[in-house]
Amino acid sequence: MLSFPKWKAALVVIVCLLGIAYTIPNFVPKSALEGLPEWAPSKQITLGLDLQGGSHLLMQVDTDDVRAKVLDSLLDQVRNNFRNDGVRIGYRNLKVTGDKVTFSLRKPEERDAAYEALRSISSILSNGQQSHLIELNDDGSVGSIQPSEQAYTDRISAVVEQSIEIIGRRVNETGINEPTIQRQGADRILVQLPGVGNPQRIIDLIGQTAQMTFHLVDLTSADGNAPPGSKKLPSLNEEGRHYVIKNRVMVSGENLEDAQATFSQGQPVVSIRFDGLGGKQFARVTTDNVGKPFAIVLDGKVISAPRINEPILGGQAIITGGFNVQGAQDLALLLRAGALPAPLKILEQRSVGPDLGADSIAAGEIAGIIGLIAVAVFMIVTYGLFGLVANIALAANIFLIMALLSVLGATLTLPGIAGIILTIGMAVDANVLIFERIREESRNGKTPSNAIESGYKRAFTTIVDANVTTGIAATILFVMGSGPVKGFAVTLGIGIICSMFTAILLSRMIITFWALKTRPQTLKA
């Protein structure tokens, strides 16, 4: 018996009204939405780079630098474990040789103790492998420890994730709306900046490692060359000038808690504040070295080396270095966002003009309007009243897709528009399938009510099968794809859900209520 429960009808109407409510903000200027309460629909669909213009950057993590740092860290671990308070193992020639850390034991009889000390460095990776390969010759005189390839892979993966987070902080500090920052492959990061026509300043901010350290200046160097335990670094602001500083890091930038651009004696400076540990280290260093120059080093260049006039105990300091206002603001931003774990190389840089995006939107609007009119006319001419119902369902489908894209904060790109158009075609196809089934049932002699009931019932399985297979394809594209392909998969998946809702529930509700009210004797569908 043909029927449509009232609770289900109420649910369909509520969903459609919510779809309209959450679509409307897309047709209202942003300024008009700012005063709305938090519960009111106010989100708009974010246009992708190809629709509103902007900059596209593809960056790659310097994996050679990551590997070198892994070996340096391993060398420090070996040294510390050999000097452990409980076990003190004599060694010599501890150094990085190729892709491993090598050493010689002073006492071969300490071979077993050395092996245990090295084994404590190694850990079990997620794939069950040991993170390090340990080799000691039989008499224990020579040994080595080498990170496994999986350990390198895991470290590079972690560096990429950390870099994405730090790039996100830096970009967000600049006030750019809706940037896209995502991983691409094993060691690449895709950055899309909508609305940014000249990305040079952003590239400078993103590409700078921003590793800050504080060192004492080596005053024993009379000829300007670096003695053992020290190194010679160039000045950041004074061309041709170099400083000889001690290798030991007295305070690390990792202990910075905040950094702000400000003014001191009329000059732009950067005010920094350390966390508890950094504040104690800074106080101890400045107390023990009053009268000595203290170098502030950023990415291997000395910003300045002021003389310590008195102990600095409050955990706060000021960095001077001949900055202009923009330079001080950028340095403060970099320090707040944190240092990149490894340098980044720019592989690809493209700018998309807003005119091209506007042309794409205009062309898409024209194509969409022509297509919708053609489909609407075809459905009405072919199926009469049922065609009109299909057009209503089609309109509701579009509203629901736009509403979901707005609520989810999805970014709409040209491939995304293609996905929407594809699902609109599928929505029409589902209605055509239903109406043809109803026609068949009517021609077989069933009453209009029974023909409608049987038509929807017989078409249901076919519609579900078709959408499920398309949904599987969309899922695979989303999981395996990236960038525009992922955007296409998202809109396709949303479109599938909406088209099934409007074809199976909305159009059925309208036709059922029409049939119950008018009691037609024949069907012209």
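Note that the coordinates shown come from a computational prediction; the quantities given were computed from them, not determined experimentally.

Help me understand the nonpolar core, please; the structure alone is not making it clear to me.
The tendency in soluble globular proteins is for nonpolar side chains to be buried as a group. Counting residues in each nonpolar core, the largest one holds 43 residues, and the members touching the most others are Phe386, Leu405, Phe435, Ile438 and Ile452. Only helix H1 (6–23), helix H10 (354–383), helix H11 (385–408), helix H12 (414–443), helix H13 (448–480) and helix H14 (484–518) provide two or more residues apiece to this core.

Explain the pairing of strand S4 (residues 100–105) to me, please; I cannot follow it from the model alone.
S4 sits mainly inside the fold: five of its six residues count as buried. Sheet topology places strand S3 (residues 91–97) next to S4; five bridges connect them, and they run antiparallel. Its bridge partner lying in S4, threonine 97 is registered against lysine 100. Hairpin connection from S3 to S4: two residues lie between these consecutive antiparallel strands, with glycine 98 at a positive phi of about 65 degrees. Looking at chain direction, S4 and strand S6 (residues 142–147) are connected through four bridges and run antiparallel. Residue pairing for S6: serine 104 is matched across the bridge by valine 142.

When you look at the packing of aromatic side chains in this model, what are you seeing that I'm missing?
Remark: the centre distance and the inter-plane angle together describe each pair of aromatic rings, the angle taken between the planes. Scanning the model with the defined rule gives eleven aromatic pairs in all. The interplanar angle of 75 degrees and the centroid separation of 6.1 Å between the aromatic rings of phenylalanine 4 and phenylalanine 513 together place this pair among those described as edge-to-face. Of this pair, phenylalanine 4 sits in the segment before H1 while phenylalanine 513 is found in helix H14, placing the two residues 509 residues apart along the sequence. Residue class for phenylalanine 4 comes out buried when judged on its relative accessible area of 8%. With a centroid separation of 5.9 Å and 50 degrees between ring planes, the pair formed by phenylalanine 282 and phenylalanine 294 is classed as tilted.

How do you make sense of the packing of helix H6 (residues 149–173) against helix H9 (residues 325–337) when you look at a structure like this?
Look at H6 against H9: their axes get within 9 Å of each other, and the N-to-C directions meet at 145 degrees. For the pair H6 and H9, the sense of crossing is right-handed. Of the residues in H9, those in contact with Ile166, Arg169, Arg170 and Glu173 of H6 are Leu333, Leu334, Arg336 and Ala337. In the contact of H6 with H9, the residues fall into four nonpolar, no polar and four charged.

Hey, could you run me through the sheet that holds strand S2 (residues 54–61) in this one?
Taken in spatial order, the four strands of this open sheet run S7-S8-S2-S18, and their pairing is antiparallel. Looking at the sheet topology across the chains shown, the edges are occupied by strand S7 (180–184) and strand S18 (344–352). Ignoring which end each strand starts from, the neighbouring axes of this sheet average 15 degrees apart. Seen against the sheet, H6 touches S2, S7, strand S8 (188–194) and S18 and runs at an angle of roughly 170 degrees to S7.

How should I be thinking about the environment of leucine 36 in this particular structure?
By the element assignment, leucine 36 lies in the loop between helix H2 (30–33) and strand S1 (46–47). A relative accessible area of 36% places leucine 36 in the partly exposed class. Once residues within four sequence positions are removed from consideration, leucine 36 is found in contact with Pro41 and Ser42.

Just checking my understanding: could you explain the side chain of glutamine 146 for this structure?
Relative to the helices and strands, glutamine 146 resides in strand S6. Of note is the side chain of glutamine 146, whose polar atom sits 2.9 Å from the side chain of aspartate 99.

Can you walk me through the pairing of strand S15 (residues 294–298) in this structure?
The buried count for S15 comes to five of five residues, which makes it a mostly enclosed element. Of the two faces of S15, the one lined by Phe294, Ile296 and Leu298 and the one lined by Ala295 and Val297 are each fully buried. Relative to S15, strand S9 (residues 212–216) runs antiparallel, the two sharing five bridges. Paired with methionine 212 across the two strands is leucine 298, which belongs to S15. The sheet contact formed by S15 and strand S16 (residues 301–304) spans three bridges and is antiparallel. Its bridge partner lying in S16, valine 297 is registered against valine 302. From the end of S15 to the start of S16, which pair antiparallel, there are two residues, and aspartate 299 there has a positive phi angle of about 50 degrees.

For this particular structure, what's the right way to read the sheet that holds S6?
The pairing of strands in a sheet comes from backbone hydrogen bonds and takes either a parallel or an antiparallel form. Taken in spatial order, the four strands make up an open sheet running S3-S4-S6-S5, and their pairing is antiparallel. Every other strand in the sheet has two partners, leaving S3 and strand S5 (132–136) as the edge strands with one partner each. On average, adjacent strands in this sheet sit at an angle of 15 degrees to one another, irrespective of strand direction. Set on the sheet, helix H5 (residues 111–119) makes contact with S4, S5 and S6; between it and S5 the angle comes to about 170 degrees.

What should I look at first to understand H6 in this one?
Residues three or four positions apart in an α-helix share a direction because the helix packs 3.6 residues into each turn. Helix length check: H6 (25 residues) gives 36 Å between terminal C-alpha atoms against 36 Å at 1.5 Å per residue, within 8%. Of the residues making up H6, those classed as buried are Ala151, Tyr152, Ile156, Val159, Val160, Ser163, Ile164, Ile166, Ile167, Gly168, Arg170 and Val171. One or two steps after H6, the chain reaches glycine 175, where phi turns positive at roughly 85 degrees.

Would you take a moment to explain unusual backbone geometry for this structure?
Trans peptide bonds make up most of the peptide bonds, and negative phi angles are found at most residues other than glycine. Residue aspartate 299 is not a glycine yet carries a positive backbone phi of 50 degrees. The exposure class of aspartate 299 is partly exposed, given its relative accessible area of 30%. Backbone geometry at arginine 519 places phi at a positive 50 degrees, although glycine is not the residue there. On the basis of relative accessible area, arginine 519 is assigned to the exposed category, the value being 56%.

So what exactly am I meant to see when it comes to a nonpolar patch on the surface here?
Together, Val468, Ile472, Ile476, Phe478, Val479 and Met480 line one region of the surface with nonpolar side chains, adding up to about 610 Å² of accessible area. As for its position among the elements, isoleucine 476 is in helix H13.

I would appreciate a short explanation of the packing of H1 against H14 in the present structure.
Between two packed helices, both the angle of their axes relative to each other and the distance between the axes serve to describe the pair. Their axes nearest at 11 Å, the elements H1 and H14 cross at an angle of 120 degrees. With respect to their mutual orientation, H1 and H14 come out oblique. The hand of the H1/H14 crossing is left-handed. Of the residues in H14, those in contact with Lys8, Ala9, Val12, Val13, Val15 and Cys16 of H1 are Phe501, Leu505, Leu506, Met509 and Phe513. When grouped by side-chain class, the residues that make up the contact of H1 with H14 number ten nonpolar, no polar and one charged.

How each quantity is defined
Residues numbered from 1 in each chain as written. Predicted model: local features only at pLDDT ≥ 70, side-chain atom pairs only at ≥ 80, totals over all residues. Heavy atoms only, no water. Core = buried A, V, L, I, M, F, W, Y, C linked by side-chain atoms within 4.5 Å. Buried < 20%, exposed > 50% of the residue type's maximum accessible area, 1.4 Å probe, protein only. Helix = DSSP H or I, 4+ residues; strand = E, 2+ residues; numbered from the N terminus. Pairing = 2+ DSSP bridges. Phe/Tyr/Trp six-rings, centres within 6.5 Å; stacked < 30°, edge-to-face > 60°. Axes fitted to C-alpha atoms, helices over the stretch in contact; angles between N-to-C directions. Left-handed = near helix turned anticlockwise from the far one by under 90°. Contact = heavy atoms within 4.5 Å. Nonpolar A, V, L, I, M, F, W, Y, C, P; charged D, E, K, R; others polar. Polar contact = N/O pair within 3.5 Å; in protein donor to acceptor, adjacent residues only side chain to side chain. Expected span 1.5 Å × (residues − 1). Patch = residues over 30% accessible without salt bridge, like charges linked within 9 Å, V, L, I, M, F, W, Y side chains within 5 Å. Areas by Shrake-Rupley, 256 points an atom, 1.4 Å probe, with all protein chains shown as cover. Salt bridge = Lys/Arg side-chain N within 4 Å of Asp/Glu carboxyl O. Parallel < 35°, antiparallel > 145°, perpendicular 65-115°, else oblique.

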